[in-house]
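Notes for the structure review
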Amino acid sequence: MNCIVFSQAFTPIVQQIGDKQHFCFNTKQSKEFAKLLIRSTYNDSLISRYTSENIRLRFLAQNKEQTILYQNVQLRNNRTILANTEVQKGLLQQKIESKDQKIKRSRTHKIFLGAALLLSTTLFILK
């Protein structure tokens, strides 16, 4: 608060008390001083309140940006996990299909072996 600015409009009354000079103001001037001081105190409190509000809002904005960045990283990681899971599913499906083909081949192979054994047994008995 700058008291010099508004005090220059007032002319003080100089009084001699003891050895010292004192500058005094009349009641009207004192009331005006009080109004100006209250107004400047109010303005100072507004400035400090808005400054703290500004700091808080900047902190919230920064926190929001960090949260968004963190969520973007999580989203990217989740997409990578999903892609890896899909690849793994495909590989497992290929493995299952190859095992099924081996099982089918082994079944047909067993059928042919059984037929050959039956045929060879029948031929052996007939001889």
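In case you missed it, the structure is sitting above this.
Numbers given to residues run from 1 along each chain, matching the order in which its sequence is written. Note on the predicted model: pLDDT of at least 70 is required for a residue's local features to be given, and 80 or more for side-chain atom pairs to be given and counted; whole-chain, interface and lining totals, by contrast, use all residues. Hydrogens and water molecules were not included; the side-chain quantities draw on all heavy atoms of the structure.

Overview of helix α2 (residues 27-126)
Secondary structure follows DSSP: runs of H or I at least 4 residues long count as helices, runs of E at least 2 residues long count as strands, and numbering of each begins at the N terminus. Take the number of residues in a helix, subtract one, and multiply by 1.5 Å to get its expected span. In this model α2 runs 145 Å from its N-terminal to its C-terminal C-alpha over 100 residues, within 8% of the 148 Å that 1.5 Å per residue would give. Within the sequence span of α2, burial applies to Gln29, Phe33, Leu36, Ser40 and Leu46. Any residue under 20% of the maximum accessible area for its type is buried, any over 50% is exposed, and the rest in between are partly exposed; the area is computed with a 1.4 Å probe on protein chains only.

Points about the side chain of Gln29
With respect to the helices and strands, Gln29 occurs in helix α2. Should any heavy atoms of two residues lie within 4.5 Å, those residues are considered in contact. Leaving out residues up to four positions away in the same chain, Gln29 has contacts with Phe10 and Thr11.

A short note on the pattern of salt bridges
Just to be clear on terms, a salt bridge is a Lys or Arg side-chain nitrogen sitting within 4 Å of an Asp or Glu carboxyl oxygen. Scanning the model with the defined rule gives 2 salt bridges in all. Of the charged contacts in the structure, one is a salt bridge between Glu53 and Arg56, with a shortest N-O distance of 2.8 Å. One end of the pair is Glu53 and the other is Arg56, both in helix α2 and 3 residues apart, which spans about a single turn. Using a relative accessible area of 33% as the deciding quantity, one classes Glu53 as partly exposed.

Topic: the pairing of strand β1 (residues 13-17)
Bridging between β1 and strand β2 (residues 20-24) involves 5 bridges; their strand directions are antiparallel. Looking at β2, one finds that Val14 is bridged to Phe23. Between β1 and β2, which follow one another and run antiparallel, lie 2 residues, and Gly18 among them has a positive phi close to 65 degrees. Strand pairing requires that DSSP identify at least two bridges connecting the strands.

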